[in-house]
Structures are given as structure tokens and as C-alpha cells.
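# Structure at a glance
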Amino acid sequence: HNRRFDMHRFRSLARRFARAQPTPRIGVRSFAIEVRHVARWASCKVDNEGDAEKIDDLIVNQCMPKLKDMEGFNGMRRLFCKEKLDYKVIISFEGVENFTAYMNSSQREQILPILDDAKKYSTTGEFTFQNFVLDTFSGEHGQEATSALKEDDPTAY
């Protein structure tokens, strides 16, 4: 039986093959959210506002100077809930490469003992750490949502 090459059939199969979705490989994750900035979040509960201020003193005065000149460092933010006594500090970096460099840096090695000292003000004696993809979405006037809260605003607590 002599088969003749059918160009029409070949093109049809090629189009069908091109449209086919690849079979996901087991153990491989793909993400639709692009990683432009990475944030590392450290959180704990404190017994009182005074303990939060003591953590602030350690983190802002001792950690920040070690971070501020690092390549891709975007800044540090602190969140404190006066009602639930939740304390959180967030540092952020531009790109995964800069974040990875921080995680393997001598600066981080210098910060770890400071964090160990700050843990004594946590109700559990520990911080919880988590890494996030960070994106900032602005309001209609180009301000971040959190900038709308004022220090004297009782609804901020």
C-alpha cells in the first residue's frame, strides 16, 4: 500500500499540535504572578506597647543601618496592631536575585543576633518568618492605601 504525503493533513495535525496544552510535569510549579519585588515578613505577638517599642529600637536602630546600602533594598515597614498586640516588620527587595543575595549575605548574619535579642519581647520567644511576592497598588491619587491612615485617626487601631 503506497501512502502519499498529504500536505493538508500534515498542516491540520501541526495546527492541532501547536494548540495542544502541554501536560504539566509533576513537581514543577509555574506561576502567573511575576516576581518584581520580594518581601520578608517577621511577626510576633507582644504583651504590651512598650515591648513593641523595644523591638522597634533594636530593628530600626541596629538592623536598618546594615540593610540600607544593600543592592536592591527597597525599605522596611513596621505594622503594629494596638488592639491585638500583633507586631510585624517587613523588608523588601527588588527582584529575586537581590533577595537571595540578602539571604546569603554577611549583613543578614549580623542581623540574626539582633533578631535573637528582639525575640525576648515576643510572647512566644520567637518570630514567624514568611516571604511574599510584593506589589503595590495605588489609589486614584497615586497614594498607597496605608498612607490614608493618620496617626491621630482612632479608626487606625
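Look up: the structure comes first, before these words.
The present account deals with the structure reproduced in this document.

What counts and how
- Here the residue numbers are simple positions, counted from 1 along each chain's written sequence.
- Per-residue local features are limited, in this predicted model, to residues with pLDDT of at least 70; the limit for side-chain atom pairs, both in listing and counting, is 80 or more; totals at the level of whole chains, interfaces and linings are taken over all residues.
- With hydrogens and water stripped out, all remaining heavy atoms of the structure feed into the side-chain values.
- Helical segments are the DSSP runs of H or I of at least four residues, strand segments are the runs of E of at least two, and each set is numbered from the N terminus.
- Remark: exposure states derive from per-residue accessible area (1.4 Å probe, protein chains only) relative to the maximum for the residue type, with buried under 20%, exposed over 50%, and partly exposed in between.
- It only takes one pair of heavy atoms within 4.5 Å for two residues to be counted as in contact.
- Each helix should span, by expectation, one fewer than its residue count multiplied by 1.5 Å.
- Any residue with relative accessible area above 30% and no salt bridge may belong to a patch, with like charges joined within 9 Å and the nonpolar Val, Leu, Ile, Met, Phe, Trp and Tyr side chains within 5 Å.
- Every accessible area reported is derived by Shrake-Rupley at a probe size of 1.4 Å, with residue values counting cover from the shown protein chains alone.
- Salt bridges are identified by distance alone: a Lys or Arg side-chain nitrogen within 4 Å of an Asp or Glu carboxyl oxygen.

Regarding its fold elements, the protein presents 4 helices and 4 strands. Going from the N terminus to the C terminus, the protein shows its helices and strands as α-β-α-β-β-α-α-β. Within the protein, buried positions represent 26% of all 157 residues. Considering only intrachain contacts with a sequence separation of at least 6, the fraction spanning at least 24 residues in the protein is 68%.

In this section: helix 2 (residues 49–67). Helix length check: helix 2 (19 residues) gives 25 Å between terminal C-alpha atoms against 27 Å at 1.5 Å per residue, within 8%. Taken residue by residue, helix 2 has Asp51, Ala52, Ile55, Asp56, Leu58, Ile59, Cys63 and Leu67 as its buried positions. The elements touched by buried residues of helix 2 are strand 1 (37–45), strand 2 (73–81), strand 3 (86–94), helix 3 (95–103) and helix 4 (106–118).

Among the surface-exposed residues, Ile33, Val35, Val96 and Val133 lie close enough to one another that they form a single nonpolar patch of about 310 Å² accessible area. Within the secondary structure, valine 133 sits in strand 4 (residues 128–133).

The backbone of leucine 85 sits at a positive phi, close to 60°, despite the residue not being glycine. Inspection of the secondary structure assignment puts leucine 85 in the loop between strand 2 and strand 3.

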